[in-house]
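# Observations on the model geometry
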Amino acid sequence: MSPRKAAALREGGGEVSLRDHLIATAVRLIATHGTAGLTVRAIAREARVADGVLYNHFADKEELLALALHAHVRAAEAGLGEPLWRAGEGTVEGNLRAYIRYGLALHIAILPAFAGLGNQPKVLARFQELPNPLAGGLGLRAGLAAYLGEEQRLGRVAAGASPDAAATMIVGACHELILPRLLFGGTALTADQVPAGFADDLVTVALTGIGPRTTGDD
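Before going into details, it helps to say that this report is about the structure given with it. (Residues numbered from 1 in each chain as written. Predicted model: local features only at pLDDT ≥ 70, side-chain atom pairs only at ≥ 80, totals over all residues. Heavy atoms only, no water.)

### Things to note about the overall build of the protein chain
Stated precisely, the cut-off is as follows: In DSSP terms, a helix is any run of H or I states spanning at least four residues, a strand is any run of E spanning at least two, and both are numbered starting from the N terminus. A simple rule labels every residue: compare its accessible area, found with a 1.4 Å probe on the protein chains alone, to the largest value its type can have, and call it buried under 20%, exposed over 50%, or partly exposed in between. Throughout, a residue-residue contact means that at least one pair of heavy atoms, one from each residue, lies within 4.5 Å. The Shrake-Rupley method, run with a 1.4 Å probe sphere, supplies the accessible areas, and residue values consider only the shown protein chains as cover.
Counting secondary structure elements, the protein chain contains 8 helices and 2 strands. Secondary structure elements in the protein chain, listed N-terminal to C-terminal, are β-β-α-α-α-α-α-α-α-α. Counting all 218 residues of the protein chain, 36% fall into the buried class. Sequence separation of at least 24 residues holds for 65% of the intrachain contacts in the protein chain that already meet a minimum separation of 6. Counting every atom, the protein chain has about 12100 Å² of accessible surface; 55% of that belongs to carbon and sulfur.

This is the structure:
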């Protein structure tokens, strides 16, 4: 296959900039092979361009990988469809269960792409400089805290509760279930390996706490 050197390409009946083509190519490679060990040569070969073309559109490989990671995360979130929880609709308990299932599915989809990047701090630094790709720019934790804050204003969450603390606990639990397997060389978690009752137990703790019940609670 001969290299493509044009600044724009024809794909799917429309014109795509070479920069976008390279990002999309890197996204495909990340989705199938992960980010660790991904080389400029592999991206260029898949994109059918000369190796040096990448440096005409990106400052370095790290910028391209960071942009591709960002696009990969956004695509994974879009693939899960619209969130099923809205303040004032359904029940807070049911909405939190739906959020946890959604959060776990999202973590399972995106975290393997970050495995092995510990030795590529420049990629992670570039990624952190980009807008948060999740929850409309808020991120998962802040997005959940915002939802709980709305429920609190509606009187469906206790006035003295901390939406930020609850969101940190719930998102942190999702991280804890998945991250250690990746950080310590294990295989990625799959949906069928999520412990039975994980969402139910987490929601119960979030809504009722762990303190002893008093007589007035019965």
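That was the structure; now back to the text.
### A look at the packing of aromatic side chains
Selection rule: A pair of aromatic rings is counted whenever rings of Phe, Tyr or Trp (Trp by its six-membered ring) have centres within 6.5 Å, and the orientation is called stacked for planes under 30 degrees apart, edge-to-face for over 60 and tilted otherwise.
A full pass over the atoms with the stated rule returns 3 aromatic pairs. Centroid distance Trp-85 to Tyr-102: 5.1 Å. Interplanar angle 80 degrees. Geometry classified as edge-to-face. Within this pair, whereas Trp-85 is found in the loop between α3 (61–79) and α4 (92–110), its partner Tyr-102 is found in helix α4, the two being separated by 17 residues in sequence. Per residue, the accessibility class of Trp-85 equals that of Tyr-102, and both read buried.

### A few points about the pattern of salt bridges
Between side chains of opposite charge, a pair can form when the charged atoms approach closely. Short version of the rule: Put simply, a salt bridge is a Lys or Arg side-chain nitrogen that is within 4 Å of an Asp or Glu carboxyl oxygen.
In total, this model carries 9 salt bridges according to the counting rule given. Arg-41 is the salt-bridge partner of Asp-51, the closest N and O atoms lying 3.6 Å from each other. Separated by 10 residues along the polypeptide, Asp-51 in the loop between α2 (40–47) and α3 and Arg-41 in helix α2 bring together distant segments of the chain. Judged by its relative accessible area of 32%, Asp-51 is partly exposed. For Arg-153, the salt bridge goes to Glu-150, with nearest N and O atoms at 2.7 Å. In this pair, Arg-153 and Glu-150 are both assigned in helix α6 (residues 140–153), 3 residues apart and thus about one turn of the helix distant. In this structure, a network of salt bridges that share partners links the residues Glu-93, Arg-97 and Asp-200.

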